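Here are the chains, one letter per residue:
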Amino acid sequence: MNDEYYMKRAIELARKAVGHTSPNPLVGSVIVKNGKIIGEGYHAQFGGKHAEIVAIESATEPVEGATLYCNLEPCCHDIPEKKTPPCAPRLIREKIKRVVIANRDPNHHVNGQGIRMLRNAGIEVKTDVLAAKAALLNETYYKFIQSHQPFVHLKIAQSLDGRIATANGHSHWITNSTARKLVHQWRAEYDAVLVGTKTVLKDNPSLTVRDVPGRNPRRIVLDDQLVIPDQAHLISDELADKTILFTAKPESDARARQLRKRGVQVLQAPADDAGHLDIRVILQKLAEMEIASLLVEGGGEVFTSFVKQRIFDKISIFIAPMIIGAGVESIGSLGISSLSEALRLQKIRIEIIDGQALVQGYRNFTEIFTRNLKEN
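Each chain carries its own residue numbering, running from 1 in the direction its sequence is written. The predicted nature of this model means local features are confined to residues of pLDDT at least 70 and side-chain atom pairs, given and counted, to a pLDDT of 80 or more, with totals for whole chains, interfaces and linings taken over all residues. Hydrogens and water molecules were not included; the side-chain quantities draw on all heavy atoms of the structure.

Caption draft 1: The arrangement of helix 11 (residues 279-288) in detail. Type-normalised accessible area, obtained with a 1.4 Å probe on protein chains alone, sets the label of each residue: buried when under 20%, exposed when over 50%, and partly exposed for intermediate values. Segments assigned H or I by DSSP are reported as helices when at least four residues long, segments assigned E as strands when at least two residues long, and all are numbered from the N terminus. Every buried residue of helix 11 is accounted for by Ile279, Ile282, Leu283, Leu286 and Ala287. Buried residues in helix 11, looked at end-on, bunch into an arc of 140°, giving them a common side. Tucked inside the fold, the buried residues of helix 11 contact helix 6 (139-147), strand 6 (151-159), strand 9 (218-222), strand 10 (243-247), strand 12 (293-298) and helix 12 (300-308). Nitrogen and oxygen atoms within 3.5 Å of one another constitute a polar contact, given that in protein one can donate a hydrogen and the other can accept it, and given that sequence-neighbouring residues count only through two side-chain atoms. The N-terminus of helix 11 is capped by aspartate 278, whose side-chain oxygen sits 3.0 Å from the backbone nitrogen of arginine 280. Just downstream of helix 11 lies glutamate 290, where phi reads positive at about 60°. Of all possible arcs, the one meant is that of the directions from the helix axis to the C-beta atoms. Here, two residues are considered to be in contact whenever any of their heavy atoms come within 4.5 Å of each other.

Okay, structure coming up:
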């Protein structure tokens, strides 16, 4: 069996912890000796043991002379805020003979230094095995660790003619249960989900994970005037303490104090040049809270704001086979007067899911995946 075979297994293991390691990456590890797997593991949760250590401790025989496969470069730093010991020195002490890696870790505390430490100790290191596949697994981590900004994913469900609701606001349901189940899976994978006030007033969403296993994300509402009603699920259910409201109101505002008594977090944000809450400032505040990934679920004005300002990383558009005519646009005016100004997505993927088209693309794929990921 070749290196790609074992790296696929490491990636499979890493994927088991989706939704549980942020802001850390997803990492899996496999140890092979004399042509057989003798140990494997993955980083199961933030603050827990790293994949390499789990694999070593699960080994059925001594790992000296073995090959270790890992989808991400082993860490080598021991800064004060780090929760676990570095892995590269442990691999050296255990006398691992060879290490195969998919991606270099863009964290500036690592970023090739783990590879150099292993090589300087006489360990053979091979990199870039299934690099593209492994990088996609950790797209949210790469964006966050390199830019200190959350990875922003816009999710839109629309008709063929680009409507997310009829003229009177009816939108249940444009897409079917298969698409909605996939969205719930994304919610379980992302740190937070964001909507605007109009979506709350119209749909009264819960923004929780249902129909699939997984943890519920933080729930964020852009509510500049704090008009969210008391009966809204986001501030009245048992998960109210997972809700964050961003508002233009001062912290001393009476409504803000009422909401905080419910356990809701109310944060002030300034207005941008258009008079709306400044999304860039909000994203910075979320980053400071170690929210590394954000799924934006609507509505039209919110989508338009993110797209117009070019502050999203990925977009997924479910297109249902229906035509609505006059209605609510998924994305409004972007101030574009010629096609040369149009936003063109990269790395497009189109899939048919139970009679609906899912179109996905990145705003700037290169920015996320190539910076600091070259072989050392």
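Caption draft 2: Structural context of unusual backbone geometry. Omega for the peptide link from serine 22 to proline 23 comes to 5°, which places this bond in the cis form. By the secondary structure assignment, proline 23 is in the loop between helix 1 (3-15) and strand 1 (28-33). Cis geometry is found at the peptide bond from histidine 172 to tryptophan 173, where omega equals -10°. Examined against the element boundaries, tryptophan 173 turns out to sit in the loop between strand 7 (163-166) and helix 7 (177-189). Here aspartate 128, not a glycine, exhibits a phi torsion of approximately 65°, which is positive. Among the secondary structure elements, aspartate 128 is positioned in the loop between strand 5 (124-126) and helix 5 (131-137). In this structure aspartate 128 comes out as partly exposed when scored by relative accessible area, which is 33%. The backbone of lysine 347 shows a phi angle near 50°, a positive value even though the residue is not glycine. Position of lysine 347 relative to the elements: it lies in strand 15 (residues 346-353). Judged by relative accessible area, lysine 347 falls into the exposed class, the value being 56%.

Caption draft 3: Seen up close, the packing of aromatic side chains. Paired rings are identified among Phe, Tyr and Trp, the last through its six-membered ring, by centres lying within 6.5 Å, and are further divided according to the angle between planes into stacked (under 30 degrees), edge-to-face (over 60) and tilted (the rest). Under the definition given, this model contains 8 aromatic pairs. Taking the centre distance of 5.9 Å and the plane angle of 55° together, the rings of tyrosine 141 and tyrosine 142 count as tilted. With respect to burial, tyrosine 141 and tyrosine 142 carry one shared label: buried. By the ring-pair criterion, three or more aromatic residues cluster together here, those being Tyr141, Tyr142, Tyr362, Phe365 and Phe369. Think of it as a cone above the ring: NZ of Lys or CZ of Arg counts as a charge over the ring if it is within 6 Å of the ring centre and within 35 degrees of the ring normal. Looking at arginine 180, its charged tip hangs above the ring of tryptophan 173, at a distance of 4.3 Å from the centre.

Caption draft 4: Just helix 10 (residues 254-261), in detail. Here helix 10 has its buried residues at Arg255, Ala256 and Leu259. Projected down its long axis, helix 10 shows its buried positions confined to an angular sector of 100°, all on one face. Taken together, the buried residues of helix 10 touch helix 9 (233-236), strand 10 and strand 11 (265-268).

Caption draft 5: Layout of the sheet that holds strand 9. Strand order in this open sheet of 9 strands is 11-10-9-8-12-6-13-16-15, and the pairing throughout is mixed. Both outer strands of the open sheet, strand 11 and strand 15, are each paired with one neighbouring strand and no more. Mean inter-strand twist for the sheet, computed between neighbouring axes without regard to direction, equals 20°. Two strands pair under a simple rule: DSSP has to find at least two bridges between them. Looking at chain direction, strand 9 and strand 10 are connected through 4 bridges and run parallel. What sits directly across from leucine 222, in strand 10, is phenylalanine 246. Only the contacting stretch of a helix is used when fitting its axis, a line to C-alpha atoms as for every element, and angles between N-to-C directions run 0 to 180 degrees.

Functional significance is not addressed by these values, which are geometric in nature.
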